[in-house]
Amino acid sequence: MFRILIATVMLFITALSVSAQSADLQTILQENSKAVERSSRTTISPILDALLESESTNISTLLENWQSKKLWMRKSDGLFFFVENSDADPIELIDIESNEVAGTADKSDLKELRPNSGVRAVMASTLVRFQLIDEDQIQRTNALTAIERDPDESHLDVLRGTIADEPVTAIKTRMERLERLLTIRFDKDSTARVDAITHFAGDTNIDVRAVLNPILATQIKTAKEIPETENVAQRLSVGNGITHDAAYQLLVDNNLAPQRITTKARDAALVANIADGKIGGFDVASLNTEARRIEAYQALASKESVPPFITEEAAQAALDAHVFYDAYIEQDSAVTDAARNTVRSINTRVGAFQVADLGLDALSLASIYFLAAIGLAITFGVMGVINMAHGEFIMIGAYTGYVAQQLIPDYTLSLIVALPLAFVVAFGAGVALERLVIRHLMHRPLETLLATFGISIALQQLAKNIFGTQARPLTSPAWLDGAWVYNDIVSISYIRIAIFVLALLFFALLLFILNRTRLGLEVRAVTQNPRMASSMGINPDKINMLTFGLGSGIAGIAGVAIGLFGQVTSELGSNYIVQSFMTVVVGGVGNIWGTLAGASMIGGLQKIIEFFNPSNTLAAQTFMIIFIIIFIQFRPKGIIALKGRAAGD
Amino acid sequence: MERSFLIRQPSVLIFIGLLALFTIGATILSEGFGLGLISTSFIKTLGKTLCLCLIALAMDLVWGYCGILSLGHFAFFGLGGYMIGMWLMYARTEQIVINSLANAPLPPTSGEIRDAIGSQIFGVVGGSEIPTIWTFAHSFPIQLTLVVLVPGLLALVFGWLAFRSRVTGVYLSILTQAMTLALALYLFQNDSGLRGNNGLSGLQNIPGASNVSQDTISIWFLWASALALGLGYLFAAWLVSGKFGSVIRAIRDDETRVRYLGYSVEAYKLVVFVITAVIAAIAGALYYPQAGIINPAEIAPIASIYLAVWVAIGGRGRLYGAIIGAAFVSLISSWFTSGQVPDVPLGFYTVKWVDWWLVLLGFGFVLVTLYAPKGLGGLFDRLVRRQDA
């Protein structure tokens, strides 16, 4: 015993003498050379402390090099050097104090120090205190990021020591914030923690919640009486907050009640006691109901060959004798109270932001539906025909974008080319379809539907034959990558913003064409009364052709837009066709405002249903379709119905 | 006294005769009962084709005679298949489970058997509980009743809602399409209780007939399908020949005028819609045991559109037209997509029919709509009329 004491004292003195010397780095390393060579997480700390005590200016360089395996030892005399280039022959040695070249050595005479990952982590956290006061702003920011990623109790004091001297306001704010987060996690002082927690009220960043949620973690416990020391979140009673079975199991786990005989254990006991085809006097073959098995087991229990069942009364008595409660793992009730309030205020704000984010999502979905459906709405409105091949015009547009990208390597330029090109190609396809097929099926809308379906499957298969079945990428230019981020919750990708803008543009353009141009006037006239329009000198044939082309052309542009955030496949169009139909039907035929209303409603509704049941988009779509079917009951002609003679029947 | 509809429509008897000849012929040539010239898988294809003819007949009634272009009748077909599939799968799994538990030291309780069936059937979707909709799956008669009841009820509710608000024409087509899409999407979910996109499988094994070879079972189903088609045809011919038939044809031609004449158009439409849904369901219940597997993709809107295509190609408004269309297109489709058709080398490009068949079908369909609006059945009519003259 006495010897151990002396040894401890001696060690203490040596440690003191190391620090008292404030020697140079090489000396300190030499003194601990065994530990330096074979460092471990525990042995490294005193060495690092000693190094810090030395107040040498080159400590951070030493640690960085050591960490990145650039610290080598010369075997002949045991001195340490930096080695920048270990492949050179002979290897150049650099002095660890002055960073100057201190001669060369052969590789066989040198040994590389390989600190393990634990040691490197300790070094990194020591290095942080140097980086935090580094001249270089980037170094300081990096240090903060490192702390954020892997915070440690020791960082708290370091941070507090550096905040006051920080010249850059932005970094200072960040430091203060980080200091508060660390305070909540590591500080021993209750008031400081409560202050820090209260400060974060309404802060929606994820890191705050990541720090606060563990404080509010609870554990269900049981005891005869609730101990004074417990920080109780909530008292539970059986049936209210905890089920009967769970409560009893908790008692069993805490050795407060005997284990119940489970069905499995009972059956195992029965099997173990089979003798001559009988169990406790019962035929094995007769044990094919629960009741019979229980009887057989009780027969065994009465002979004391198996433990008896725990009766319901005994179980209830055990439950009644104990209280159940939910206790915070965090002991300090002031801290948990503050955390609860702060989390509540944060959740309120998060909820509000989620609604805003939902709004953005719905808006972007609505713009996609609008783009996909508007062409359909125009042709349906003017000609009264449903074009089942509309989805394939979307697909044609998407493939046009893909081909344009293959020919023009610059993504921005190819997109600029692809948009009008997609319009032209789809316009051409639309006009061809109108001339060759639809014109001959006028006044037979149902047959048009089927004929265009034939076109649809033929075009889809053609696309498959030409481009293959695998998905083709349509890459967006770099300036459309990424997202506009307001905070952790509200964000929207630039592509979706672009699609929204595109949808707005086309909405405005179509409104202009239909209401302010000669073509629009004629289109409206043909929509309302083709015979009258034709007697006024309008050629309905030409108007039909042009509208069909226009509707198809817009579908082509929608195809480029849809292809940008998905992938181009031959099924691209058919994925949107049913939604497009419903948009048109819900919105009301032949009316741009109606399509806008329909798209907004369907897009919004789908997002809202998804919000309530986020794991299941299939259910969301199912419910939405059912809703639409019911909606049609009340407004069979859509939200915005044509009135008067224009309504046809 | 009015003459029987059979005498007024000689084509009915001709059809029944041909169907009987076909069935007997196929049986004689089959592996199960006869010379073995036709493989069992082809017998199954023939049986399935008969079921498709039956649903095409229903489609012809609702579209060709009543003018309702339903793009959702495959939903009823699929539901019928699901209902019978539930029994087939449950009963068969029960047998397997009982056999495997027979060697356990304790005889199994009914609860244990249920648990084992549950984890057998629903293990694939990560569950072991038997959902409530499977309550009657153990009982063949109840499940057989449900084959008719469930699709019938769906058609009744949907049709009542749709016709009541006077949704007509293309609107109604889109609405029926939405219905079948909604049903397919619902069934695609794993927690729908019908095994999500895995669907029901192993339906070709008939519980209680494990000793009977597939060769024989395929013949049974061929007969059953032929019988169902024959009865369905008789029923449809009877339905369209009387006053009821006249009214629904009138609704097709001018709905408003029929309404002004005092007929309850909505009621007639609803009756036709529900009857055809039930016929479709029966067809489905016969089809899927021959196909062996059913999954929600079968109900996707495209299937119902193809159905309309068959009827249009065959010639709608005449019952044999629907049969011709369904049989012709589905058999020729399976021929072209089977890879048995020789490729056409053009020197610079080889036309593979597996790839090009759909293109041909699509454009062929456009041509039929444009130039033969009465379909193949129309050509048939023209032939008969020439003989008369």
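Residues numbered from 1 in each chain as written. Chains lettered and ligands numbered in written order. Predicted model: local features only at pLDDT ≥ 70, side-chain atom pairs only at ≥ 80, totals over all residues.

Please explain the overall build of chain A as it appears in this structure.
The helix and strand inventory of chain A stands at 26 helices and 15 strands. On C-alpha atoms alone, chain A measures out to a radius of gyration of 38 Å, which is more than a quarter above the 26 Å that the 2.2 N^0.38 rule sets for 649 residues. Based on the C-alpha atoms only, the size of chain A along its principal axes is roughly 120 × 95 × 55 Å. A buried classification covers 36% of the 649 residues belonging to chain A. Contacts in chain A between residues far apart in sequence, at least 24 positions, make up 69% of those at least 6 positions apart. (Helix = DSSP H or I, 4+ residues; strand = E, 2+ residues; numbered from the N terminus. Rg over C-alpha atoms; globule rule 2.2 N^0.38 Å. Buried ≥ 20, exposed ≤ 12 C-beta atoms within 10 Å, placed from the backbone. Contact = placed C-beta atoms within 7 Å.)

Looking at this structure, how should I read the overall build of chain B?
The number of helices and strands found in chain B is 15 helices and four strands. On C-alpha atoms alone, chain B measures out to a radius of gyration of 23 Å, which is about the 21 Å that the 2.2 N^0.38 rule sets for 389 residues. Projected onto the principal axes, the alpha-carbon positions of chain B cover approximately 80 × 60 × 55 Å. Out of the 389 residues belonging to chain B, those deemed buried represent 44%. Here the analysis covers contacts within chain B between residues at least 6 apart in sequence; of these, 75% occur between residues at least 24 apart.

Quick question: what am I supposed to make of the nonpolar core here?
Nonpolar side chains tend toward joint burial in soluble globular proteins. Counting 212 residues, the largest nonpolar core has B:Ile55, B:Ala56, B:Leu57 and B:Ala308 as its most contacted members. In contact with B:Leu57, not counting residues within four places along its chain, are B:Gly232, B:Tyr233, B:Ala236, B:Ile279, B:Leu319, B:Ala322 and B:Ile323. Counting 47 residues, the second-largest nonpolar core is a separate cluster that includes A:Leu25, A:Ala50, A:Val128 and A:Met175. (Core = buried A, V, L, I, M, F, W, Y, C linked by C-beta atoms within 7 Å.)

Honestly, the pairing of strand S7 (residues 232–238) of chain A in this entry has me stumped. Any pointers?
Residues and elements named next belong to chain A. Relative to strand S11 (residues 323–328), S7 is paired through four bridges, and the arrangement is antiparallel. For arginine 235, the partnering residue across the bridge sits in S11 and is tyrosine 325. Of the strand pairs in this sheet, S7 and strand S8 (residues 241–242) are connected by two bridges, and their pairing is parallel. Bridge pairing in S8 places valine 238 opposite isoleucine 242. (Pairing = 2+ DSSP bridges.)

Which parts of the structure should I look at to understand the packing of helix H4 (residues 41–53) of chain A against helix H6 (residues 117–131) of chain A?
To characterise two packed helices, one gives the angle between the axes of the helices and the distance between these axes. Residues and elements named next belong to chain A. For the pair H4 and H6, the least separation of the axes is 9 Å and the interaxial angle reads 30 degrees. Between H4 and H6, the angle falls in the class roughly parallel. In terms of crossing hand, the pair formed by H4 and H6 is right-handed. From H4, Arg41, Ile44, Ser45 and Leu48 reach across to H6, where they touch Gly118, Val119, Val122 and Thr126. Per-class residue counts for the contact of H4 with H6 are four nonpolar, three polar and one charged. (Axes fitted to C-alpha atoms, helices over the stretch in contact; angles between N-to-C directions. Parallel < 35°, antiparallel > 145°, perpendicular 65-115°, else oblique. Left-handed = near helix turned anticlockwise from the far one by under 90°. Nonpolar A, V, L, I, M, F, W, Y, C, P; charged D, E, K, R; others polar.)

Just to check I follow, could you spell out unusual backbone geometry for this structure?
When glycine is set aside, most residues are seen to have a negative phi, and most peptide bonds are trans. You will see that A:Asn255, though not glycine, has its phi angle at about 55 degrees, which is positive. Here A:Asn255 lies in the loop between helix H12 (244–253) and helix H13 (263–272). Residue B:Arg195 is not a glycine yet carries a positive backbone phi of 65 degrees. Relative to the helices and strands, B:Arg195 resides in the loop between helix H7 (169–188) and strand S1 (200–201). By the C-beta count within 10 Å, which is 24 here, B:Arg195 ends up buried.

Please clarify how the environment of A:Ala478 should be interpreted in this entry.
Residues and elements named next belong to chain A. Summarising the element assignment, alanine 478 is placed in the loop between strand S12 (472–473) and strand S13 (483–485). Since 9 C-beta atoms lie within 10 Å of it, alanine 478 is described here as exposed. Distance from alanine 478 to leucine 514, taken between C-alpha atoms, is 35 Å for residues 36 residues apart in sequence.

Is there a simple way to explain the packing of H6(A) against helix H8 (residues 153–163) of chain A in this structure?
Residues and elements named next belong to chain A. Two elements in contact, H6 and H8, have axes whose closest approach is 10 Å; the angle formed by their N-to-C orientations is 10 degrees. One way to sum up the angle between H6 and H8 is to call them roughly parallel. Counting all contacts with H6, which are made through Ser125, Val128 and Arg129, the residues of H8 involved are Ser154, His155 and Val158. Per-class residue counts for the contact of H6 with H8 are two nonpolar, three polar and one charged.

Would you explain the interface of chain B and chain A in this entry?
Many analyses report the size of an interface as the accessible area lost when the parts associate. In this assembly, 43 residues from chain B lie in contact with 44 residues from chain A. At the level of elements, H7, helix H12 (301–314) and helix H14 (353–371) of chain B are the ones that each hand at least two residues to the side of chain B that touches chain A. Per element, the largest residue contribution to the side of chain B that touches chain A is 14 residues, and it comes from H7(B).

In this structure, what is going on with the sheet that holds S8(A)? I would like to understand it.
What links the strands of a sheet is backbone hydrogen bonding, and the strands pair in either a parallel or an antiparallel sense. What the four strands build is an open sheet, ordered S6-S11-S7-S8 (chain A); its pairing is mixed. Every interior strand has two partners, whereas the edge strands, strand S6 (218–223) and S8 of chain A, have only one.

Mind showing me how you'd approach the environment of B:Asp115 here?
Residues and elements named next belong to chain B. Relative to the elements of secondary structure, aspartate 115 occurs in helix H5 (residues 110–122). Under the C-beta neighbour-count criterion, aspartate 115 is labelled partly exposed, with 16 such atoms within 10 Å. Sequence separation of aspartate 115 and glutamate 129 is 14 residues, and the distance between their C-alpha atoms is 7.1 Å.

How should the confidence of the model for chain A be read in this particular structure?
Detailed reading of predicted coordinates is not advised where the pLDDT is low. Residue and element names in this part refer to chain A. Across chain A, pLDDT averages 83, with 95% of residues at or above 70. With pLDDT under 50 throughout, residues 15–22 is counted as low confidence; its partners more than four residues away or in other chains account for nine contacts. Long-range and interchain partners of residues 644–649, a stretch whose pLDDT sits below 50, account for six contacts in this model, where long-range means more than four residues apart. (pLDDT = per-residue confidence, 0-100.)

Sorry if this is basic, but what is going on with the confidence of the model for chain B here?
All names here are of chain B. Looking at chain B as a whole, the pLDDT averages 88, with 98% of positions reaching at least 70. Averaged pLDDT values over the elements of chain B bottom out at 71 in helix H15 (residues 375–388) and peak at 95 in helix H11 (residues 265–291). Here the predicted complex scores 0.78 on pTM and 0.83 on ipTM.

Looking at this structure, I do not really get the environment of A:Ala192. What am I missing?
Residues and elements named next belong to chain A. Among the structural elements, alanine 192 can be located in helix H10 (residues 190–199). Given 13 C-beta atoms within a 10 Å radius, alanine 192 is considered partly exposed. Separated by 12 residues in the primary sequence, alanine 192 and arginine 180 have C-alpha atoms spaced 8.8 Å apart.

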